[in-house]
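A look at the structure
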Amino acid sequence: MGKILCATRGGAASRASQDAAIALAQERGDELIFLYVVDISFLNQTAAPLVVDVESRLEKMGRFQLAMAQERAAAQGISAGALVRRGQLRAELLAAARETEADLVLLGHPVGTEAVFDEAAIQSLATSLARESGVKVRVV
Amino acid sequence: MRRWIRTWGLFAFLLSASLILAFASRGSRAQEQPPSPLVTGTIQDSQDQPVEGATVQLGAEAEGEALAEAVTQSNGRYALPAPQDLPDNLFVQISRAHFEEDVVALSAADIQNLRNGESVVVGITTLPRRITPAFWIAALIFVAMLVLIATGTLHNTLAALLGASLVFFVSYLGEPLMEDLFIFGFDRALQYVDWNVIFLIMGMMIVIAVVERTGIFQWLAYMAYRLSGGRLWLLLPILMIVTGVASALLDNVTTMLLMTPITIQISLALGINPLALLMPEVMASNVVGISTLIGTPTNILIGSFADISFNDFLVNLTPGVVLAMIGLVLYSEFVYRKEILAPGKGEISPLLLEKLEERAQITQPGHLRKAAVVGTGMILLFVFGERIHLLPAVTAIMGATALLVWIRPDIEEMIEAVDWTTLVFFITLFIVVGGIQEVGLISLVATGIGDLVGENLILAMFVVTWFSAVLSTVIANIPFTAAMLPVVGYLTATIPGAGNKVLFYCLSVGSAMGGNGSLIGASANMVTAGIAERAGQPITYLYFIKKGFPALILTVALAMVWLLIRFLVLAG
Amino acid sequence: MKRIALCALAVLGLVSLFAGIWWLNGRSGGGRYGTSFFVSAGIFVFVFAAISLRWMHETSAALLGAVSVWLFHYVAGTFFPTFQILDFEESMRFVDWNVIFLILGMMIFMAMFSETGIFNWLAFRAFRLARGNAWLLGMALILLTGIVSAFLNDVTAILLLVPLSIEIAETVGIHPLAYVIPEVLASNIGGAATIIGDPPSTIVGSHLGLSFVDYMVNMVFISAICLVVLLVLTTGLYWRAFSTARQRTSPALVAQLEADARITDNRLLKKTALVGLATIVLFFVGDQFGMPPSVIALVGAAVLITWVRPDMHRMLREVDWTTLVFFIGIFVIVGALEATGVIGWIADAIAHLAGDNLTTATVLMVWIPGAASGIVANIPFTVAALPIADFLTASINGAGNLVLYWALVLGADLGGNATYLGSAPNIVAIGLLAQAGYRVSFGRFMRDGVPVTIVTLALATLWLLLHY
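Criteria and thresholds
Residues numbered from 1 in each chain as written. Chains lettered and ligands numbered in written order. Predicted model: local features only at pLDDT ≥ 70, side-chain atom pairs only at ≥ 80, totals over all residues. Heavy atoms only, no water. Helix = DSSP H or I, 4+ residues; strand = E, 2+ residues; numbered from the N terminus. Expected span 1.5 Å × (residues − 1). Bend = angle between axes of the 7 residues up to and from the residue. Buried < 20%, exposed > 50% of the residue type's maximum accessible area, 1.4 Å probe, protein only. Pairing = 2+ DSSP bridges. Axes fitted to C-alpha atoms, helices over the stretch in contact; angles between N-to-C directions. Contact = heavy atoms within 4.5 Å. Parallel < 35°, antiparallel > 145°, perpendicular 65-115°, else oblique. Nonpolar A, V, L, I, M, F, W, Y, C, P; charged D, E, K, R; others polar. Core = buried A, V, L, I, M, F, W, Y, C linked by side-chain atoms within 4.5 Å. Salt bridge = Lys/Arg side-chain N within 4 Å of Asp/Glu carboxyl O. Left-handed = near helix turned anticlockwise from the far one by under 90°. pLDDT = per-residue confidence, 0-100. Patch = residues over 30% accessible without salt bridge, like charges linked within 9 Å, V, L, I, M, F, W, Y side chains within 5 Å. Areas by Shrake-Rupley, 256 points an atom, 1.4 Å probe, with all protein chains shown as cover. Phe/Tyr/Trp six-rings, centres within 6.5 Å; stacked < 30°, edge-to-face > 60°.

**Thoughts on helix H20 (residues 378–395) of chain C**
All names here are of chain C. For H20, spanning 18 residues, the distance from its first C-alpha to its last is 25 Å, which sits close to the expected 26 Å at 1.5 Å a residue. In H20, a bend of some 25° at Leu386 exceeds every other bend along the element, and Pro387, a proline, comes one to four places later. Of all 18 residues in H20, 14 are buried; the element is thus mostly enclosed.

Listed below in structure tokens is the structure:
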């Protein structure tokens, strides 16, 4: 029995990849873990006063997103795990893949107009991730 | 997409703005009014210092409606425009918080001159001070703040912040109840804040934060160890000199922040008590710091108040500092003879040495090169900038900006590295001290000291030096120096022969070296104690007094000798 | 390649501006403007471009500008007197310390308030009260954001409320954009209502020496109207989304939502609320005694620190000093513009354009900043526009009621809604949405932003003309 790590953000765009991950886990009988990465580097774009603890607030939001994904998995009879990490997306993805000893990392295809990444960015992320961690990475 | 829109949007905006403006600005300009005749004069307090911010009104009767109104400038001058048709009697009424009111009548000849369109000079008016309830309140707030700081009940910054808040609170909310409760308003308070100090510290701290990451400071300390070859009696002076030179160029606190961790490392590796190295270091930083303008916060204060340049400090104080430093080294060797001369100490295992060497690596050689270029430029500007009236604050900010733009570190992180707590402390402290200056407490003390020393320069030198040295051990030396500056300024103006600013150097020596007398005497002491405590080597208040107070007497006496030679013998 | 094109464009812009000025200089008799005139104008344009195009961090750009002013003054100015701009002490006089200390004091309050979790709790109450009615809930959240951002800085309001709004939207099964984008627009509108609402309001209010109450009396009404209009527009724009929303989540998720929206520190909340209330009261009372808002904010902050958490170091670390340094830099650069006469020259031109007609001047003062702040950084713009407003107020008859300043505030605040680069809250909210997996394209934001901006600006113009 293997482990599948599915990186997700939530929102309509990533619902498809969550579904794909759930289906895959069902089919292979693997353990499924959803991963959310809190990355606040976007705040560096402005000199506006940032006095709020944004990271912990966003971590709560991440947990909520993951809880939604977990519920969808539960509806399919899969009990999925959830993991929230803080930091830069690529580095944290890599670290999470190592720590959980996952043997498959799933990334979502960009769907529709609302996806945060475009196709090329996802593909290059996937290849570099596969090279560095030695784990299979699939874009679904 | 976003970038594209930004770029073109900005471009279009600028282009259209410049075109519209270019077409539109062919307009006519308003005609300037012909100058009306002026009534001018100067207002001084009883010590011949100009009085700023006094309201001057021109009226037809002593208590009548004002025909013209003006506020005095920082040099005490005012200029009232006279109206077209003048009555037969004219009075100039002067009012200012904390002073008696005064009315000056213009003579008939003056009024005739004004009618003829000629200006009239009233001359100097002297306003006597008035002791109001505001005087006592401001003094009380100041003393309460000092007590809170000295006893450590509240954090320094918080105590000063509360003090400043209270001053404003009383000024604004007390005034409607009783006019004499008014101390000063926000705008006036800000004039007492020396922004040169604030921005100098801010700029230097950003520079240090960038430079620190290159690992150069650790490397220097390691080299100091290598140079001494494990001989402790040699290592001690080397470390003291390194600390001293660093603190002459940098802020004392920063120097000690950098030196303390590496010193603790070295002493643990050598198996000696870290305090045997730390105490002499921190005392050296307090002593040598005064040889340059930027070496200690008190010098920055004194320099910007009395207009003493980087070079003046260097030339006038360095020999005295060297003298005091020699005394301090001998004293330290004597006091810590057990630790550093004991046999078997100073041996070091190769493993530890390797570890030490590893820690002292220069981590970012590229950044170090850039920092070296900027740093050299800054030192050149510090030394030569005075020729073009370049303030140290501007140089420090220039250096900081150059590093921020050139090296491009994370700016949020660099700005975080600035010790804002200290800066807020300075700003609020300036406001509270400004309060007691405003109500006239300082001039009262000045009059007291002035009466005490008379016109005897040598007595004044002794009084200023020892008075400030001893007081600096009880209260933090920054507020004390800020409070003493106007006093010394007054003495300099009144005592014959003191025009060469000798008393300011006495104050510099006294307040900085006085910091050695107790743990709370200087912020560098407290910083060092804080780090040492985290490393399991607390420095207690009593321990510091025991080791520090004799050093204070020794160093101040030696520096005093030099000052007497320099300003009495050499000045001939 | 792109970089080169960018630089070329910037150079072109600079050259065209300089050429324009030069040409004009030749026509208007010449010799009136020294070299320092062009140098300070060039520095301002460079900083403006650097901030708007994100060449470097805003604070670095502002510092660089201020330092260049001093460098020219001290180094070049020593050898060529025409290079003298203004020295350090003079430039400190141009810094509006009232703004700096007001923002400093408010930051300390914000740091405390945001730790209590009170606003999230309020948002969750709204969720409970709406009982799954997506439209009602949306209106409540938008109003809440508007009101909160009137009393806190608008970016803080967004950072506090948007993450929870996304969770709530997902719980009631509506697209989060339907809540978040109107909330952002509301925060910009609400920011105009009080002197502490957002940076342009603070800068203008403090420049005029207005008290909290003076400012509020003038601006609260129009802000409230704009907020109501926003509610109507939102209902129209998102009607389909509101009517088709249905709850799809389980009670477990709602429970988690509730847990996220808990009040985290009850004691802190009580103390902060008490001091906050006292400060607001002092804002109203202190006004009678001529106490500047910055002093009140500082007194409040000092009391709060002493009472709640006497850990000065930690407290001051939570203040965002980068912003304060940025403001100081901008003040110095604009001070240089003022000292060298650039501002006077521009004001002259605008006065001529308006032809001494107050109505035209007011319309210009609303729509120029309004249109500009959609694309360029609105803080340097506002600071630079203030002395222009001074000049116009002095030279045009009947402008003594400060109508031009109100026009400037409304223009700069409401105009920021047009594009998502228009103001800091927009950028932050887009970033937060991306964190939840919703990308908002430039066009998508404009679909909502532009109509709202045009309608609110038109309303503002109408109101200003009628009322003053």
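**Things to note about the sheet that holds strand S5 (residues 136–139) of chain A**
Residues and elements named next belong to chain A. A sheet is described by the order of its strands in space; here five strands give the open sequence S3-S2-S1-S4-S5, paired in parallel fashion. In this open sheet, the two strands that pair with only one neighbour each are strand S3 (81–86) and S5. Here the average twist between neighbouring strands, direction ignored, is 25°. Looking at chain direction, strand S1 (residues 3–7) and strand S2 (residues 31–38) are connected through five bridges and run parallel. Directly across from Cys6, in S2, lies its bridge partner Phe34. Against the sheet, helix H2 (residues 54–75) touches S2 and S3, its axis set at about 155° to S2. Each of S1, S2, S3 and strand S4 (104–107) touches helix H3 (residues 89–100); the most contacted strand, S3, lies at about 140° to it.

**Some thoughts on the packing of helix H10 (residues 275–288) of chain B against helix H12 (residues 310–335) of chain B**
Residues and elements named next belong to chain B. Running from amino to carboxyl end, H10 crosses H12 at an angle of 170°, the nearest separation of the two axes being 10 Å. Accordingly, the angle class assigned to the pair H10 and H12 is roughly antiparallel. Across from Pro280, Met283, Ala284, Val287 and Val288 in H10, the residues of H12 making contact are Val321, Ala324, Met325, Leu328, Tyr331 and Ser332. Tallied by class, the residues present in the contact of H10 with H12 amount to 10 nonpolar, one polar and no charged.

**A short note on the nonpolar core**
Core analysis: the largest hydrophobic core is formed by 366 residues, its most contacted members being Trp195(B) and Phe199(B). Among the elements that make up this core, the one with the highest residue count is helix H6 (residues 195–212) of chain B (15 residues). Those residues in contact with Phe199(B), other than ones at most four positions away along the chain, are Ala393(B), Ala396(B), Ile397(B), Phe88(C), Met92(C), Trp97(C) and Ile328(C). Within the second largest apolar cluster, 21 residues are counted, among which are Ile43(B), Ile94(B), Phe99(B) and Leu114(B).

**Quick word on the pattern of salt bridges**
Applying the stated criterion to the full structure yields seven salt bridges over all chains. Note that Arg85(A) is salt-bridged to Glu92(A), the shortest N-O span being 2.7 Å. Judged by relative accessible area, which is 16%, Arg85(A) ranks as buried. With relative accessibility at 15%, the residue Glu92(A) sits in the buried group. Residue Arg96(B) pairs with Glu438(B) through a salt bridge whose shortest N-O separation is 2.9 Å. Pair noted here: Arg96(B) is in the loop between strand S5 (91–95) and strand S6 (102–105) and Glu438(B) is in helix H18 (residues 420–439), with a separation of 342 residues, a long-range link. One salt-bridge network, in which partners are shared between bridges, spans Glu59(A), Arg63(A) and Arg86(A).

**A closer look at the packing of helix H9 (residues 177–191) of chain C against helix H11 (residues 212–237) of chain C**
Between two packed helices, the angle of one axis relative to the other and the distance separating the axes together describe the packing. Residues and elements named next belong to chain C. Close contact between H9 and H11 brings their axes to 10 Å; oriented N to C, the two are set at 165°. Classified by the interaxial angle, the pair formed by H9 and H11 is roughly antiparallel. Crossing of H9 against H11: the hand is right-handed. Seen from H9, the contacting residues are Ala178, Pro182, Leu185, Ala186 and Ile189; seen from H11, they are Ser223, Cys226, Leu227, Leu230 and Thr234. Here the contact of H9 with H11 is composed, by residue class, of eight nonpolar, two polar and no charged.

**Observations regarding the confidence of the model for chain C**
All names here are of chain C. Mean pLDDT over chain C stands at 80; residues scoring 70 or higher make up 90%. Least confident of the elements in chain C is helix H1 (residues 2–27), whose mean pLDDT is 61; most confident is H9, at 88. Here the prediction assigns the complex a pTM of 0.77, and the interface score ipTM is 0.77.

**Here we look at the sheet that holds strand S7 (residues 120–126) of chain B**
Residue and element names in this part refer to chain B. Spatially, the three strands line up as an open sheet ordered S4-S1-S7, and their pairing is mixed. Both edges of this open sheet fall to strand S4 (77–81) and S7, since each of them pairs with a single strand only. Sheet twist, expressed as the average angle between the axes of neighbouring strands with direction ignored, equals 20°. For strand S1 (residues 38–44) and S7, the ladder comprises six bridges, and the chain directions are parallel. Directly across from Ile43, in S7, lies its bridge partner Thr125.

**Thoughts on the environment of Val140(A)**
Residues and elements named next belong to chain A. Along the chain, Val140 turns up in the segment after S5. A relative accessible area of 26% means that Val140 is categorised as partly exposed. Along the sequence, Val140 and Ala21 sit 119 residues apart, while their C-alpha atoms lie 8.1 Å from each other.

**Details of a nonpolar patch on the surface**
Residues and elements named next belong to chain B. A cluster of nonpolar side chains, namely Leu323, Ile458, Phe462, Val561, Ile565, Leu568, Val569 and Leu570, defines an oily patch on the protein surface of about 650 Å² accessible area. With five residues, helix H24 (residues 541–570) is the largest single contributor of residues to the nonpolar patch. Tracing the backbone shows Ile458 in helix H20 (residues 457–474). For Ile458, a relative accessible area of 41% corresponds to the partly exposed category.

**Section: the packing of aromatic side chains**
Between two aromatic rings, the relevant description is the distance of the centres plus the angle of the planes. Enumeration over the complete set of coordinates arrives at 21 aromatic pairs over all chains. Measuring from ring centre to ring centre gives 5.9 Å for Phe186(B) and Phe101(C), while their planes differ by 90°; the resulting arrangement is edge-to-face. Highlighted residues: Phe186(B) in helix H5 (residues 186–191) and Phe101(C) in helix H5 (residues 97–116), drawn from two different chains. Assigned by exposure class, Phe186(B) and Phe101(C) land together as buried.

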